[in-house]
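Fold and contact review
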Amino acid sequence: MLLSKKQFGTLLLVFCTFCLATNRTEATSLCTTADTISPGLKFPTDTLRLLCIGNSYSLDGTICLPQMLEDAGVSRHKYGIYCAMYAGASLEYWYDYLVNDKEVPYVYHMGGTLTLPDTTWTVKTLLHEPWDVIVLQQYSNISDEYDTFTPYIGTLVDAIRKESSNKDILIAWHMTWSHSPAFYSKPYCEEGWQDIADATERLCEEYDIPIVIPVGTAIQNARSTSINDDMELTREGTHIANGVGHYIAGITWFETFCRPVFGVSSLDAPPSPKVRAINADKTPFYAITDDNYAICQQCAYDALRSPYRLTKNSEDTATQKPVRSNPILRPVAVYDMQGKRLPEVPDKGTYIKGGKKYLVP
């Protein structure tokens, strides 16, 4: 019996959630393949081609994945992970690039040898590649406003299903995190998380998106524990912290996609020295340690079990948030027109700040 994409995605999530809840110690028994569900499904049993269409939050979510896969013993020949992105890009931005056939500014190869040809891309030509999963997301400042998702999300979802060379393509949604009050714009903290969660749940139901990557919930879970700090686990109020933040996101992405495809888990062992060293040369950096990695894993695990509900960790929380050394307290990042981050607002020329374009004559 053949299953629809929606049925397969639902079964995949149910199976993974069941395994997470009942057996966290036997990672090899958690391998979910298409053959175990339905022999006719075309979802690969041992490879993963994944495309994110988003912005810098896509990079935040996937930066740890290649090293985590290597540590888990997964060959680089088994996967290809890419991010099509632009700073501050929203669903409306990608809708415009799709319908007007514009060249995609940046396509980052995050890891794996299942690679794309070295050429320029439009959204439509990217969709023609044999992806297994395509991940969408909204610009963080409006990720809590469901009305900003439409009509753009419908057109993007329809295009993916129409243009993909894989008729069983799966669509996933990257549920992002709320901002720290240090940032210039909402959504803030737990109230903002709730609005993001509500918008995500409604979106996935109305547009038949079967997979959610609940990074926002994992981060918010961590904010109720002793590892939270004065910046709410962000670098500058919006992007998640180098180190701990990226690790929490990496676990959430890994368990969503890599665990069911490759039958390995990131929850059963400490992170490797190489994972701990990712972006260690950046400032600020919130180190992954032997004292905090298990809390990171627990927060991601709880989010995977309950994407739309917070889990208040039972461990003792600090009475005062730790202050990270040398925090960068910028109100908002500034980028040039090529998406390169600038140290400050330029004296002359065009720049992007908070997803908006400005001109200094």
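This one's a predicted model, so the numbers in the text were calculated from it and none came from an experiment. (Residues numbered from 1 in each chain as written. Predicted model: local features only at pLDDT ≥ 70, side-chain atom pairs only at ≥ 80, totals over all residues. Heavy atoms only, no water.)

This part takes up the packing of aromatic side chains. Under the criterion given, the structure shown has 13 aromatic pairs. Centroid distance tyrosine 82 to tryptophan 131: 5.9 Å. Interplanar angle 70°. Geometry classified as edge-to-face. A residue pair is termed long-range when its members are at least 10 positions apart, and tyrosine 82 in strand E2 (residues 79–85) and tryptophan 131 in the loop between helix H6 (123–127) and strand E4 (133–136) qualify at 49 residues. Of the two residues, tyrosine 82 and tryptophan 131, neither departs from the other in class, the shared state being buried. Considering the side-chain rings of tyrosine 93 and tryptophan 94, the 5.1 Å spacing of their centres and the 85° angle between planes classify their relative orientation as edge-to-face. (Phe/Tyr/Trp six-rings, centres within 6.5 Å; stacked < 30°, edge-to-face > 60°. Helix = DSSP H or I, 4+ residues; strand = E, 2+ residues; numbered from the N terminus. Buried < 20%, exposed > 50% of the residue type's maximum accessible area, 1.4 Å probe, protein only.)

Before going further, it helps to examine the environment of cysteine 296. Relative to the elements of secondary structure, cysteine 296 occurs in helix H12 (residues 293–305). The sequence separation of cysteine 296 and threonine 225 amounts to 71 residues, and the corresponding C-alpha distance is 9.6 Å. Once residues lying within four places of it in the same chain are set aside, the contact partners of cysteine 296 are Ile227, Val244, Tyr247, Ile248 and Ile251. (Contact = heavy atoms within 4.5 Å.)

So, about the side chain of asparagine 228. Its place among the elements puts asparagine 228 in the loop between helix H9 (215–222) and helix H10 (244–262). Polar side-chain contacts of asparagine 228 include one of 3.2 Å to the backbone oxygen of arginine 223. (Polar contact = N/O pair within 3.5 Å; in protein donor to acceptor, adjacent residues only side chain to side chain.)

The terminal C-alpha atoms of helix H8 (residues 189–206), which comprises 18 residues, lie 26 Å apart, in line with the 26 Å expected from a rise of 1.5 Å per residue. Every buried residue of H8 is accounted for by Gly192, Trp193, Ile196, Ala197, Ala199, Thr200, Leu203 and Cys204. The inward-facing, buried residues of H8 abut helix H7 (152–163), strand E5 (170–174), strand E6 (211–213) and H9. Just past H8, the residue aspartate 208 takes up positive phi, approximately 55°. (Expected span 1.5 Å × (residues − 1).)

To continue, consider H12. In an α-helix there are 3.6 residues to a turn, and that puts residues three or four apart on one side. Between its first and last C-alpha, H12 extends 19 Å over 13 residues, near the 18 Å set by a 1.5 Å rise per residue. A large share of H12 lies buried, amounting to ten of its 13 residues. Considered for burial, the residues of H12 that qualify are Tyr293, Ile295, Cys296, Gln297, Cys299, Ala300, Tyr301, Asp302, Ala303 and Leu304.

Moving on, we get to the sheet that holds E5. The strand order E3-E2-E1-E4-E5-E6 describes an open sheet built from six strands, whose pairing is mixed. Each of the sheet's edge strands pairs with one partner strand only, and the pair in question is strand E3 (106–111) and E6. Averaged over neighbouring strand pairs, the angle between their axes works out to 25° when direction is ignored. Here five bridges tie E2 to E3, and the two strands are oriented antiparallel to one another. (Pairing = 2+ DSSP bridges. Axes fitted to C-alpha atoms, helices over the stretch in contact; angles between N-to-C directions.)

Membership of the largest hydrophobic core comes to 51 residues, with the highest contact counts inside it found for Leu48, Val135, Trp253, Phe257 and Phe262. It is H10 that contributes the most residues to this core, eleven residues altogether. Beyond its immediate chain neighbours, meaning those up to four positions away, phenylalanine 257 contacts Leu48, Leu50, Val133, Val135, Ala172, Ile211 and Ile213. Counting residues in hydrophobic clusters, the runner-up holds 41 residues, among them Leu126, Tyr146, Tyr152 and Cys204. (Core = buried A, V, L, I, M, F, W, Y, C linked by side-chain atoms within 4.5 Å.)

Let us look at the pattern of salt bridges. Enumeration according to the criterion identifies twelve salt bridges in this entry. Across the salt bridge formed by aspartate 168 and lysine 167, the nearest N and O atoms sit 3.6 Å from each other. Among the ionic pairs, arginine 223 bridges to glutamate 232, the shortest N-O distance being 3.6 Å. Assigned by exposure class, arginine 223 and glutamate 232 land together as buried. Three or more residues are tied together by salt bridges with common partners; here these are Asp144, Glu145 and Lys186. (Salt bridge = Lys/Arg side-chain N within 4 Å of Asp/Glu carboxyl O.)

In this structure, alanine 269 sits in the loop between H10 and helix H11 (273–276). Accessibility expressed as a relative area gives 41% for alanine 269, which makes it partly exposed. In this structure, alanine 269 is in contact with Tyr247, Tyr293 and Gln297, ignoring residues within four places of it in sequence.

Let's shift gears to the side chain of glutamate 163. Note that glutamate 163 resides in helix H7. Summary of buried charges: glutamate 163 has no salt-bridge partner, and the nearest side chain of opposite charge, lysine 124, is 4.2 Å away. Separated by 2.8 Å, the side chains of glutamate 163 and histidine 128 make a polar contact. (Lys, Arg positive; Asp, Glu negative; His and termini not counted.)

Right, let's get into the pairing of E5. Of all five residues that make up E5, five are buried, and the element is covered over most of its length. Here E5 shows two buried faces, one formed by Leu170, Ala172 and His174 and the other by Ile171 and Trp173. Pairing of E4 with E5, which is carried by four bridges, proceeds in the parallel orientation. Within E5, the residue paired with valine 133 across the bridge is leucine 170.

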